[in-house]
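A look at the structure
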Amino acid sequence: MNLREDIRNIAIIAHVDHGKTTLVDQLLKYSGTFRDNEQVDERAMDSGDIERERGITILAKNTAIKYKDHTINILDTPGHADFGGEVERIMKMVDGVLLVVDAYEGCMPQTRFVLKKALEQRLTPIVVLNKIDRPNARPSEVIDEVLDLFIELGADDDQLEFPVMYASALNGTSGEEPEDQQETMDPIFETILEHIPAPVDNADEPLQFQVTLLDYNEYVGRIGVGRVFRGSIKVGQQVVVMKEDGTKKSFRVSKLFGFIGLKRIEIEEAKTGDIVAVAGMEDLNVGETICPESHPEALPVLRIDEPTLQMT
Ligand code: GDP
């Protein structure tokens with residue numbers, strides 16, 4: 001089995017305020033993907049682009065970080081139970097999760113909610129105990145709480161072997177022990193590369209691309225963001241979209257976008273494991289699969305957001 005060793009796809013999950021945004025900003029900064037000032041502009045610009053399409057809010061964003069010879073796609077997830085469907089869709093695109101937990105506050109309702117989804121999807125977890133600089137941080141107690149939560153939520157034996165990293169996203173330090181902190185994010189990058197499975201490389205098979213999120217741009221129209229699950233997709237290629245009612249609509253891929261940092265860049269081709277954005281089809285909806293005309297095989301339909309009333 002060939003693997004795309006150059007890629008890792010992960011989701012970052014946490015209770016609100018436990019430090020996801022600060023951590024992703026530090027990862028970007030330490031990777032050198034963008035200089036600080038550029039990065040701030042990009043983030044500001046990105047939020048201006050947010051569009052609503054049929055009630056689906058683009059609350060998730062991909063940050064593509066170049067580290068050594070790898071691209072690490074980090075998908076942000078909403079922590080709130082109202083967005084359960086969106087969390088599940090994002091988790092279909094990734095092979096692992098970075099669970100960020102405040103080393104003082106410990107596990108909170110949204111920690112539980114998002115971890116449950118990740119474990120159900122059989123994703124490989126890495127735990128980051130953040131805010132280790134807080135004077136009242138209690139890392140050893142919190143890690144016990146995290147382990148109890150994994151057990152209670154039915155983690156399998158592999159998932160229970162989760163690596164633990166300690167970090168201060170605020171100060172830009174990380175390490176394998178609370179008292180052994182390096183002023184760099186390298187320990188976190190290395191843990192991601194070592195533990196998160198690389199996507200399987202089956203670029204020779206017929207294309208399957210699943211639309212997970214929708215975006216809109218005034219120049220290219222509707223854009224479907226998702227993962228290439230099989231095969232490859234090229235600009236100019238004639239493809240079909242498998243609609244939920246079983247019908248097919250053909251279109252020509254007008255543009256493809258990859259990601260660098262928080263920015264979208266035009267590319268010519270994407271392959272298995274890549275997370276990209278496809279333009280050219282106005283009638284494109286979440287959950288639909290794009291395939292070649294010769295192999296119209298849809299992936300299982302993804303659930304659309306339905307507010308979840310209670311946190312389980
Ligand atoms: P998010 O809601 O998970 O994205 O959390 P943010 O990244 O926005 O962080 C929430 C708050 O916690 C902000 O005020 C951050 O400055 C602070 N914060 C984040 N990481 C750390 C950390 O490592 N140590 C401390 N002391 N504060 C942090």
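Residues numbered from 1 in each chain as written. Predicted model: local features only at pLDDT ≥ 70, side-chain atom pairs only at ≥ 80, totals over all residues. Heavy atoms only, no water.

**Things to note about a negative patch on the surface**
- A cluster of acidic residues, E176, E177, E179, D180 and E194, forms a negative patch on the protein surface.
- Locating D180 in the fold gives a position in strand β10 (residues 180-182).
- Accessibility expressed as a relative area gives 42% for D180, which makes it partly exposed. (Patch = residues over 30% accessible without salt bridge, like charges linked within 9 Å, V, L, I, M, F, W, Y side chains within 5 Å. Areas by Shrake-Rupley, 256 points an atom, 1.4 Å probe, with all protein chains shown as cover. Salt bridge = Lys/Arg side-chain N within 4 Å of Asp/Glu carboxyl O. Lys, Arg positive; Asp, Glu negative; His and termini not counted. Charge placed at Lys NZ, Arg CZ, Asp CG, Glu CD. Helix = DSSP H or I, 4+ residues; strand = E, 2+ residues; numbered from the N terminus. Buried < 20%, exposed > 50% of the residue type's maximum accessible area, 1.4 Å probe, protein only.)

**Observations regarding a nonpolar patch on the surface**
- Judged by side-chain polarity, M1, L3 and V200 come together as a nonpolar surface patch covering roughly 320 Å² of accessible area.
- The residue L3 is located in the segment before β1 (7-14) in this model.

**Considerations on the packing of aromatic side chains**
- Applying the stated criterion across every chain, the model contains 2 aromatic pairs.
- When the ring of Y67 is compared with that of F189, the centres are 4.2 Å apart and the planes differ by 15°; the resulting orientation is stacked. Of this pair, Y67 sits in strand β4 (residues 62-67) while F189 sits in helix α7 (residues 186-195), and the two are 122 residues apart along the sequence. Accessibility classification places Y67 together with F189 in one group, the buried group.
- Ring geometry for F150 versus F162: centroids 4.2 Å apart, planes at 25°, classification stacked. Here F150, found in helix α5 (residues 139-152), pairs with F162, found in the loop between α6 (157-160) and β8 (164-168); they are 12 residues apart in sequence, far enough to count as distant.
- Over the ring of F257 we find R264, and its NZ or CZ is 5.7 Å from the ring centre. (Phe/Tyr/Trp six-rings, centres within 6.5 Å; stacked < 30°, edge-to-face > 60°. Lys NZ or Arg CZ within 6 Å of the ring centre and 35° of its normal.)

**Some remarks on the pairing of strand β15 (residues 248-252)**
- Summarising the sheet, strand β14 (residues 238-242) and β15 pair through 5 bridges and their orientation is antiparallel. Looking at the pairing, V240 lines up with S250 of β15.
- Between β14 and β15, which pair antiparallel in sequence order, lie 5 residues; one of them, G246, sits at a positive phi of approximately 95°. (Pairing = 2+ DSSP bridges.)

**Quick notes on the UniProt feature "binding site: GTP" (unreviewed entry) in the protein**
- As annotated in UniProt, the feature "binding site: GTP" (unreviewed entry) corresponds to D17, H18, G19, K20, T21, T22, N130, K131, I132 and D133 in the numbering used here.
- With respect to the helices, strands and loops of the structure, K20 is situated in helix α1 (residues 20-31).
- Take K20: its relative accessible area is 15%, and that puts it in the buried class.
- Sequence-distant contacts of K20, defined by excluding residues within four places in its chain, comprise I12, I13, A14, D76 and T77.
- Of note is the side chain of K20, whose polar atom sits 3.0 Å from the side chain of D76.
- Tracing the sequence through the fold places I132 in the loop between β7 (124-130) and α5. (UniProt positions renumbered as here; feature names shortened; annotations may be inferred. Contact = heavy atoms within 4.5 Å. Polar contact = N/O pair within 3.5 Å; in protein donor to acceptor, adjacent residues only side chain to side chain.)

**Some words on the environment of E5**
- As for its placement among the helices and strands, E5 is situated in the segment before β1.
- Owing to a relative accessible area of 42%, E5 belongs among the partly exposed residues under this scheme.
- In this structure, the C-alpha to C-alpha distance between E5 and K92, residues 87 residues apart in sequence, is 19 Å.
- In this structure E5 touches H70 and A198, once residues within four positions along its chain are discounted.
- Only 2.9 Å separates the side chain of E5 from the side chain of R8, close enough to count as a polar contact.

**As for the site of the ligand**
- Neighbouring the ligand are 14 residues; D17, K20, T21, T22 and D133 lie closest to it.
- Within the contact set of the ligand, an oxygen atom lies 3.2 Å away from a backbone nitrogen or oxygen of L170.
- Expressed as a share of its isolated accessible area of 580 Å², the protein-covered part of the ligand is 72%.
- Looking at the shell around the ligand, its residues break down into 3 nonpolar, 6 polar and 5 charged. (Near = heavy atom within 4 Å. Nonpolar A, V, L, I, M, F, W, Y, C, P; charged D, E, K, R; others polar.)

**Things to note about the environment of S232**
- Tracing the backbone shows S232 in strand β13 (residues 232-234).
- Considering only alpha carbons, one finds S232 and G273, 41 residues apart in sequence, at a separation of 9.5 Å.
- Contacts of S232, omitting those with residues within four sequence positions, involve A203, L207, Q237, E269, A270 and K271.

**Here we look at the pairing of β14**
- Across the 5 residues of β14, 4 count as buried, placing the element largely inside the fold.
- Sheet analysis places β14 next to strand β20 (residues 289-292), joined by 4 bridges and oriented antiparallel. Pairing of V239 across the sheet is with P292, part of β20.

**Digging into the sheet that holds strand β19 (residues 275-279)**
- Ordered in space as β15-β14-β20-β11-β12-β19-β16-β17, the 8 strands form an open sheet in which the pairing is antiparallel. The open sheet is flanked by β15 and β17 (263-267), the only strands paired with a single partner. Direction aside, neighbouring strands of the sheet carry axes that sit 40° apart on average.
- In this sheet, β19 lies alongside strand β16 (residues 255-260) in antiparallel orientation, the contact comprising 3 bridges. By the bridge assignment, K255 is partnered in β19 with A279. (Axes fitted to C-alpha atoms, helices over the stretch in contact; angles between N-to-C directions.)

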